[in-house]
Amino acid sequence: MLRIAFAILMQLTLMAGIAAAQDAPDASAANTVPDRSATGGAQTLEDILARQRGEKIDDSFRSDDTGAAALGAGLTEQLGTLGGASDPELWRAIRYNAADLRVSAGGDVATVLVQDGGMRWLTFREGPLRTYGGWLLLGTIAALALFYLLRGRIRIDEPATGRSVTRFQFIERFAHWMLAGSFILLGLTGLASLFGRLVIAPYLGKEINAGLLIWSKWVHNNVSWAFMLALVMVFVMWVAHNIPNRTDLVWIRQMGGIVGKSHPPAKKFNFGQKLIFWSVIVFGASISLSGLSLLFPFEIQLFAKTFGILNDLGLPQLVGYGTLPVELAPQEEMQLAQSWHAILSFVLMAIILAHIYIGSLGMEGAFDAMGSGDVDEAWAHQHHSLWLDEMREKGEVTPDGTSSGGAKGATPAE
């Protein structure tokens, strides 16, 4: 009984001591060096608690303690050793890239025996990435639902003419739907990989989750090629129509007719569609490039070179980040690439959710442009009047809705 009471007393004392240490002012914040005399130069309780709070500590007491080969006795001498380093010191030297390490096979990647960046990546992946990424998508859906309740569907003000105008040719629609379909598959499989252990495994079981993730990885890696091909196709076909011009200022001033009842003039693509286009191109290209570096991690390494360019420009120093590392292990390259890949994917998914809303539920007749490729002249006049005028000036569509030269420029809706 006395032993139990003593054990409880010691446990309460220890917990009180830890709580007091956590409430104590941070030594590193006061720019003071912790007293390590009691630990012989090793880490202290202050170091452990600071790390748990996510604070940066000075770990030179470890990185500098990698042995002293010059002080070690030779192997042929009395009490001789293999050098002046113990096993812990040797592993610290490996961890901090201070060891002369050589391998017989495996290349540069085999020389990375200790790399603790994986824990930082895992903490980021399971913490901020899931949290902020998930809330970004849910918040976007909630905002679109609220906007629909307040604004309703954008209707066609003019009565339908019964005449249709070809807005997108088959090859354009093919590229668009290949890009859209592949992106949806990539988004769903990516979300499954990120949230599967949190959402799927607890309810459907670990075996189903594991099987789903194996399938998701295969789909993700292979469908990515269709996405990249479609990205190139839409860029080549539509880049000339998405160069900003003065007409966009009218669209911006009238807020695209989304707020209010005005319908600003626009050519083939209005300013809102141009924003979508360039978002898809820029973010899609960066996502594709980081994805390629994940598919071929030891051939394509992007971040060390990028950090070197940024350091030369002085941008990290300008915002207070100091000098970025320019020597990264392949594993560190993959961790950065995966983080960047996921962040941009979340942003692009939120943008595409808004695009899907406008192209389906948000605007009457918008889906026809990519569904059949033809839109009613009343819709074209309301949303893209300058484009409709250009079509008529080129003789592709005549005012009465008939096609010049017998080509299918406009056909009766019936």
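Look a little higher up for the structure.
Notes on the structure follow. (Residues numbered from 1 in each chain as written. Predicted model: local features only at pLDDT ≥ 70, side-chain atom pairs only at ≥ 80, totals over all residues. Heavy atoms only, no water.)

A word on the packing of helix α7 (residues 206–238) against helix α9 (residues 271–295). The geometry of α7 relative to α9 is characterised by a closest axis approach of 10 Å and an angle of 145° between their N-to-C directions. Read as a crossing pair, α7 and α9 show a hand that is left-handed. Where α7 approaches α9, its residues Asn221, Ser224, Trp225, Phe227, Met228, Leu231, Val234, Phe235 and Trp238 are matched on the opposing element by Phe277, Trp278, Val280, Ile281, Gly284, Ala285, Ser288, Leu292 and Leu295. (Axes fitted to C-alpha atoms, helices over the stretch in contact; angles between N-to-C directions. Helix = DSSP H or I, 4+ residues; strand = E, 2+ residues; numbered from the N terminus. Left-handed = near helix turned anticlockwise from the far one by under 90°. Contact = heavy atoms within 4.5 Å.)

So, about the packing of α9 against helix α12 (residues 330–362). Closest axis-to-axis distance for the α9/α12 pair is 9 Å, and the angle between their directions is 155°. In this view, α9 runs roughly antiparallel relative to α12, as classed from their interaxial angle. Crossing of α9 over α12 shows left-handed handedness. Counting all contacts with α9, which are made through Ile276, Ser279, Val280, Phe283, Gly284, Ser286, Ile287, Ser290, Gly291, Ser293 and Leu294, the residues of α12 involved are Met334, Ala337, Gln338, Trp340, His341, Leu344, Ser345, Val347, Leu348, Ile351, Ile352 and His355. (Parallel < 35°, antiparallel > 145°, perpendicular 65-115°, else oblique.)

As a further point, take the environment of Leu191. Position of Leu191 among the secondary structure elements: in helix α6 (residues 170–204). Judged by relative accessible area, Leu191 falls into the partly exposed class, the value being 23%. Between the alpha carbons of Leu191 and Ser345 there is a distance of 9.9 Å; along the sequence they are 154 residues apart. Residue contacts for Leu191: discarding those within four places in its chain leaves Leu137, Gly196, Phe346 and Met349. (Buried < 20%, exposed > 50% of the residue type's maximum accessible area, 1.4 Å probe, protein only.)

Overall, the coordinates contain 12 aromatic pairs when judged by the stated rule. Arranged with centres 5.6 Å apart and planes meeting at 55°, the rings of Phe168 and Trp238 form a pair that is tilted. Of this pair, Phe168 sits in the loop between β1 (163–166) and α6 while Trp238 is found in helix α7, placing the two residues 70 residues apart along the sequence. With relative accessibility at 4%, the residue Phe168 sits in the buried group. Taking relative accessible area as the criterion, Trp238 reaches 7% and is therefore assigned buried. When the ring of Phe303 is compared with that of Phe307, the centres are 6.0 Å apart and the planes differ by 65°; the resulting orientation is edge-to-face. Of this pair, Phe303 and Phe307 both sit in helix α10 (residues 303–313), separated by four residues, roughly a single helical turn. Each of the two residues, Phe303 as well as Phe307, counts as buried. Through a chain of ring-to-ring contacts, three or more aromatic side chains come together here, namely Phe147, Tyr148 and Tyr357. The ring centre of Phe269 lies 6.0 Å from the NZ or CZ of Arg167, which sits over that ring. (Phe/Tyr/Trp six-rings, centres within 6.5 Å; stacked < 30°, edge-to-face > 60°. Lys NZ or Arg CZ within 6 Å of the ring centre and 35° of its normal.)

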